[in-house]
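Chain by chain, the residues:
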Amino acid sequence: MQYRRFGQQDWKSSALGFGCMRLPTIGGDRSAIDEPEATRMLHDAIDHGVNYLDTAYSYHGGNSERFLSRALKGGYREKIKLATKLPCWLVKASKDFVKYLDEQLQKLQTGHIDFYLLHGLNAERWPQMRDLGVLAWAEQAMADGRIRHLGFSFHDELKVFKEILDAYDKWTFCQIQYNYMD
């Protein structure tokens, strides 16, 4: 496995991460993860050097995080850095930041999230998150150790990207959709 320095962190990420949005399922039901097969795939990836896993609150009908809590037992959690995402579209009040993070920590059965992203920021969601105080809240969650690093995933135009990037000088990372077809 090849590894790359992760920004200014003292950690190197595997060149390939493991995304948990499209795990194998049973009977065409996206929420019904084929746990034996998905666990086999995940363990094989980690055993061969993958050290970055990405999931989100909404993946597999909310079951991806629950699946990972089971699949990462037996020492696998300690071998990886885990990323998950705040479901920004569900946030209606600042108290929801705590509600969703606490729920995710419980679903994942972990004491901290290594990389926490504000999910799917765009021209509509960013002002709402900003005005509800997401950055101050995230600073507190990082200070108390529930979040190690803060980032965002992004789906919009360059102008909006620059606005979000310039709003906070402590972003650790940004996840942008990039694939051959785009």
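Computed from a predicted structure; not experimentally measured.

What follows is about the overall build of the chain. A count of helical and extended segments in the chain gives six helices and ten strands. A compact globule built from 182 residues should have a C-alpha radius of gyration of about 16 Å, and the chain, at 16 Å, falls within 12% of that. Dimensions of the chain along its principal axes, counting C-alpha atoms only, are 45 × 40 × 35 Å. A total of 182 residues make up the chain; the buried ones form 47% of that total. A sequence separation of at least 24 residues applies to 68% of the contacts in the chain between residues at least 6 apart.

Quick look at the packing of aromatic side chains now. Enumeration over the complete set of coordinates arrives at 16 aromatic pairs. Aromatic pair Phe152 and Phe161: ring centres 6.0 Å apart, planes at 50 degrees, arrangement tilted. With respect to burial, Phe152 and Phe161 carry one shared label: buried. Directly above the ring of Tyr76 sits Lys79, whose terminal nitrogen or CZ lies 4.7 Å from the centroid. Residue placement shows Lys107 over the ring face of Tyr57; its charged tip is 4.3 Å from the ring centre.

This part is about helix 6 (residues 158-166). Every buried residue belonging to helix 6 is among Val160, Phe161 and Ile164, and all of these are buried. An end-on view of helix 6 places all buried positions within 105 degrees of arc, on one side of the element. More than 90 degrees from the buried face of helix 6, the exposed residues found are Leu158, Lys159 and Asp166.

Now for the nonpolar core. Buried together is how nonpolar side chains tend to be arranged in soluble globular proteins. Leu42, Leu53, Leu68, Leu86, Leu118, Trp137 and Trp171 are the most contacted members of the largest nonpolar core, which totals 46 residues. Excluding residues that lie within four positions of it along the chain, Leu42 makes contacts with Phe18, Leu53, Phe67, Leu68, Ala71 and Leu72. Membership of the second largest hydrophobic core comes to seven residues, among which are Trp11, Ala83, Phe115 and Leu117.

Right, let's get into the packing of helix 1 (residues 35-47) against helix 2 (residues 64-71). Where helix 1 contacts helix 2, the axes come no closer than 11 Å and their chain directions differ by 65 degrees. At the point where helix 1 passes helix 2, the crossing takes the right-handed sense. In this structure, helix 1 contributes Glu35, Ala38, Thr39, Leu42 and His43 to the contact, and helix 2 contributes Phe67, Leu68, Arg70 and Ala71. Classifying every residue of the contact of helix 1 with helix 2 gives five nonpolar, two polar and two charged.

Conventions and cut-offs
Residues numbered from 1 in each chain as written. Predicted model: local features only at pLDDT ≥ 70, side-chain atom pairs only at ≥ 80, totals over all residues. Heavy atoms only, no water. Helix = DSSP H or I, 4+ residues; strand = E, 2+ residues; numbered from the N terminus. Rg over C-alpha atoms; globule rule 2.2 N^0.38 Å. Buried < 20%, exposed > 50% of the residue type's maximum accessible area, 1.4 Å probe, protein only. Contact = heavy atoms within 4.5 Å. Phe/Tyr/Trp six-rings, centres within 6.5 Å; stacked < 30°, edge-to-face > 60°. Lys NZ or Arg CZ within 6 Å of the ring centre and 35° of its normal. Arc of directions from axis to C-beta. Core = buried A, V, L, I, M, F, W, Y, C linked by side-chain atoms within 4.5 Å. Axes fitted to C-alpha atoms, helices over the stretch in contact; angles between N-to-C directions. Left-handed = near helix turned anticlockwise from the far one by under 90°. Nonpolar A, V, L, I, M, F, W, Y, C, P; charged D, E, K, R; others polar.

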